[in-house]
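Given next are the chains, with one letter for each unit.
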Amino acid sequence: MCVFSNWNDFVCIINNMIDFHVHVFDPFFINNRDSITDSFFESMYSDPKAKMATADDLIANMDEYGIEKAVVCNMTWRNDDYCNRNNYYIINSAKEYPDRIIPLITLPYEFTQLDVQSSAVCFNLGVMGIGEQRLPLHYLASDNSPVDYLASVLKDANRILLLHVSEPVGHQYPGKEKITPEALYGFLTRSVDTTKVLAHFGGGFGFYALMKEVKQVLSNCYFDTAATPYLYEPDIYNVMDKLVTSDRILFGTDFPLMTPKKVLDHIGKGSVSDEDYKKITHQNAKKLLERIG
Ligand SMILES: [Zn+2]
């Protein structure tokens with residue numbers, strides 16, 4: 001079934017894919033992108049060529065590429081009001097498209113325990129967790145920080161934490177930062193029972209799963225493929241299958257950064273087995289969502 005010579009034939013065969021990592025914005029941010037004062041937003045979207053999409057744009061894209069459902073992330077903001085505004089937009093978009101959009105929300109960058117408690121209220125509104133969250137480095141050093149509180153709340157609520165993770169080496173790009181496997185390791189050891197999705201193949205975290213203790217720490221972590229064609233050779237899929245098993249790899253695009261076709265073509269070039277392809281593009285996500293639903 002993984003025949004990529006004819007895209008139209010291909011999407012006819014696979015039509016229940018789940019994209020586990022996309023972003024949408026309230027049109028307010030798209031229409032006012034030049035005047036939004038938030039250093040994270042500015043670093044990624046001040047360039048007018050950086051793509052932004054509304055929920056309607058996302059649904060049109062999903063229809064075009066045969067994507068059944070998408071896990072919609074907010075970005076992490078420094079500005080509380082902007083963070084809340086886009087959270088509400090995502091929650092409302094999920095109400096508008098209940099069969100297509102699975103909502104995640106974010107906390108402001110330097111969040112407090114009170115912020116965590118407020119976000120937990122949204123779990124009763126169908127929000128599946130927190131993401132894509134960037135964590136402040138100084139929150140990771142202590143075992144008594146708001147991030148440990150967040151992990152315990154998510155565990156108790158049976159919700160997920162989708163984390164932005166960067167590679168410690170390699171080329172620079174907007175959004176690359178110091179939250180690397182090394183920086184995250186202590187926090188992951190303290191929150192093994194909380195289900196986490198490490199974005200962008202976890203900045204290469206899986207490579208250390210050959211270490212017995214790291215394998216145990218990563219035992220409740222999934223790895224998404226968002227933006228992978230920009231980061232790795234197609235061998236990454238089979239390498240990660242060996243290291244953490246294909247059961248924990250989730251197809252994600254980082255839409256609108258890239259289209260589903262770009263990521264799916266990349267997976268196809270990785271010569272994954274048909275069985276693994278089905279797991280990565282929808283079966284793993286379906287199982288995880290059923291577990292937390
Ligand atoms: Zn992302």
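Since we're looking at a predicted model, the values are computed, not measured.

(A) Seen up close, the sheet that holds strand β5 (residues 160-163). Strands sit in the order β4-β5-β6-β7-β8 across an open sheet of five strands; the sheet is parallel. Two strands close off the open sheet at either side, each with one partner strand: β4 (129-133) and β8 (249-250). Bridging between strand β6 (residues 196-198) and strand β7 (residues 221-224) involves three bridges; their strand directions are parallel. Its bridge partner being in β7, Val 197 is matched across the sheet by Tyr 222.

(B) Representation of unusual backbone geometry. Residue Glu 132 is bonded to the preceding Gly 131 through a cis peptide linkage, with omega at 0 degrees. Locating Glu 132 in the fold gives a position in strand β4. Even without a glycine there, the phi angle at Phe 201 is positive, about 55 degrees. By the element assignment, Phe 201 lies in helix α10 (residues 199-202). In this structure, Ser 271 takes a positive phi of about 55 degrees despite not being glycine. One can find Ser 271 in the loop between α14 (260-269) and α15 (274-292). On the basis of neighbour count, Ser 271 is assigned to the partly exposed category, with 13 C-beta atoms found within 10 Å.

(C) Expanded view of the environment of Asn 86. Take Asn 86: it is sitting in helix α5 (residues 80-96). Accessibility expressed as a C-beta count within 10 Å gives 23 for Asn 86, which makes it buried. The sequence separation of Asn 86 and Asp 274 amounts to 188 residues, and the corresponding C-alpha distance is 37 Å. Dropping the residues within four chain positions of it, Asn 86 is found in contact with Phe 25, Asp 26, Phe 29 and Asn 74.

Parameters and conventions
- Residues numbered from 1 in each chain as written.
- Predicted model: local features only at pLDDT ≥ 70, side-chain atom pairs only at ≥ 80, totals over all residues.
- Pairing = 2+ DSSP bridges.
- Helix = DSSP H or I, 4+ residues; strand = E, 2+ residues; numbered from the N terminus.
- Buried ≥ 20, exposed ≤ 12 C-beta atoms within 10 Å, placed from the backbone.
- Contact = placed C-beta atoms within 7 Å.

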